[in-house]
Amino acid sequence: MTHEIAPSPTDRPAPLFGTLLTAMVTVFHEDRTVDLEATAALAEQLVDDGCDGLVVCGTTGEYSTMTDEENLSVFRAVKDAVGSRVPLLAGTGSNDTEHSRYLCLEAEKIGMDGLLVVTPYYNKPTQAGVEAHFRSLADSVDTPIMMYDIPGRSGIPIEAETLISLSSHPNLVAVKDAKADFVAASRVMAETDLVYYSGDDALTLPWMAIGAAGLVGVTTHVDTPRYRRMVDAVLASDLVTARRLHEELLPLVRATMTRVPGAVAAKTILQWQDRLPNSTVRLPHVAPTHAELEQIRADLSTSVIADTLTN
């Protein structure tokens with residue numbers, strides 16, 4: 001009796017969108033206009049440091065405070081900078097299906113490799129409405145779509161049954177999960193070909209342990225190489241190394257994701273690392289208070305990146 005040996009993770013083809021993606025901040029000038037040059041430079045550095053994919057103008061990119069033309073200009077700038085090196089996903093989600101369709105079509109014209117589409121927020125449609133939204137967008141483009149399941153922001157989940165049904169559409173290929181329902185996700189992964197990505201920076205290791213391809217993260221801005229090593233360690237089944245790196249990254253996750261919104265914290269820390277010219281955000285985001293800055297500094301003071309902070 002013979003038994004087939006399953007391929008090791010490193011034998012599997014690379015996922016369509018990569019395994020370590022940063023949901024990029026959009027850099028602004030101090031007058032809050034978009035700084036395309038600095039945004040493109042950040043994209044180049046993230047790729048140099050180990051990202052094999054990027055999300056442009058997602059939530060962390062403050063897309064909802066930008067005009068459509070500003071968003072499209074950022075898509076073009078990042079495409080020109082690194083589009084020949086890594087897959088790029090355009091944040092094209094909206095709670096208005098027609099508005100989202102317009103952004104999807106424009107991003108496709110620019111040549112973006114994928115579209116990140118969040119669950120329709122605020123409207124709180126039924127699951128039938130959620131499915132109709134995603135199917136309608138997927139019918140309109142040839143570009144593959146990553147669905148973004150984040151009930152903490154959208155107000156509703158994408159239920160497992162809905163994802164299983166949506167998986168039949170050839171353009172709906174992946175899920176960014178910020179719901180952390182591992183049982184439901186395990187079922188979807190077992191019954192479909194949808195590729196999962198962790199949408200929670202701190203949960204990358206457990207997500208990958210149950211079959212996720214990698215991470216779409218924010219903390220990845222501030223220590224890309226260490227996240228690269230952790231993801232690669234999991235893919236190589238080196239859980240001892242992966243657990244060590246996971247523990248080393250926890251203070252960075254606290255600093256980036258728990259004190260103020262991720263876009264605000266990431267820009268603050270990147271400026272402290274001399275990697276951004278400023279930490280300007282757009283309303284309704286505001287700069288951290290003195291107390292919040294002290295919390296972020298305390299989180300980072302004994303972290304693995306403490307010596308990279310120059311401010």
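Residues numbered from 1 in each chain as written. Predicted model: local features only at pLDDT ≥ 70, side-chain atom pairs only at ≥ 80, totals over all residues. Heavy atoms only, no water.

Quick reminder of the rule: UniProt positions are given in the numbering used here, feature names are shortened, and annotations may be inferred rather than shown by experiment.
An unreviewed UniProt entry lists the chain under the name 4-hydroxy-tetrahydrodipicolinate synthase, with Kocuria rhizophila as the source organism. UniProt, in the comment section headed Subcellular location (unreviewed entry), describes the chain in these words: "Cytoplasm".

Overview of helix α12 (residues 290-301)
An α-helix turns once every 3.6 residues. As a result, residues three or four positions apart point the same way. Put simply, the test is: Comment: elements are numbered from the N terminus, with helices defined as DSSP H or I runs of at least four residues and strands as E runs of at least two. To estimate the expected span of a helix, count its residues, drop one, and scale the result by 1.5 Å. Classification of residues uses two cut-offs on accessible area relative to the type maximum, computed with a 1.4 Å probe and protein chains only: under 20% is buried, over 50% is exposed, and between them is partly exposed. By construction, the arc corresponds to the directions joining the helix axis to the C-beta atoms. Contacts are assigned to residue pairs with any non-hydrogen atoms lying within 4.5 Å of each other.
In this model, α12 (12 residues) spans 16 Å end to end at C-alpha, consistent with the 16 Å of a helix rising 1.5 Å per residue. Among the residues making up α12, those that are buried are Ile 296, Asp 299 and Leu 300. Angularly, the buried residues of α12 cover 95° about the axis, an arc narrow enough to put them on a single face. Looking at the packing, one finds that the buried side of α12 touches α10 (239-257) and α11 (262-272).

Quick look at the pairing of strand β3 (residues 88-91)
Worth spelling out the cut-off: Assignment of crossover handedness uses the view with strands pointing away from the viewer, where a clockwise path from the first strand over the helix to the second indicates a right-handed crossover. DSSP bridges decide pairing: two strands pair if at least two such bridges lie between them.
What you see with β3 is no split at all: Leu 88 and Ala 90 on one side and Leu 89 and Gly 91 on the other are buried throughout. A crossover connection joins strand β2 (residues 53-56) to the parallel β3 through helix α2 (residues 68-82); in handedness this β-α-β unit is right-handed. Bridging between β3 and strand β4 (residues 114-118) involves three bridges; their strand directions are parallel. Within the sheet, the bridge partner assigned to Gly 91 lies in β4 and is Leu 116. For the segment spanning β3, helix α3 (residues 97-110) and β4, crossover handedness is right-handed.

Description of the packing of α10 against α12
Keep this limit in mind: Between N-to-C directions, angles cover 0 to 180 degrees, with each direction set by a line fitted to C-alpha atoms, over the stretch in contact for helices. With respect to orientation, any angle under 35 degrees is reported as roughly parallel, any angle over 145 as roughly antiparallel, any angle of 65 to 115 as roughly perpendicular, and every other angle as oblique. Three classes are used, and their members are as follows: Ala, Val, Leu, Ile, Met, Phe, Trp, Tyr, Cys and Pro are nonpolar, Asp, Glu, Lys and Arg are charged, and the others, Gly among them, are polar.
Where α10 contacts α12, the two axes come as close as 8 Å, and the packing angle between them is 170°. Looking at the two axes, α10 sits roughly antiparallel to α12. The residues of α12 that touch α10, namely those facing Pro 251, Leu 252, Arg 254 and Ala 255, are Ile 296, Asp 299 and Leu 300. Residue composition of the contact of α10 with α12, grouped by class: five nonpolar, no polar and two charged.

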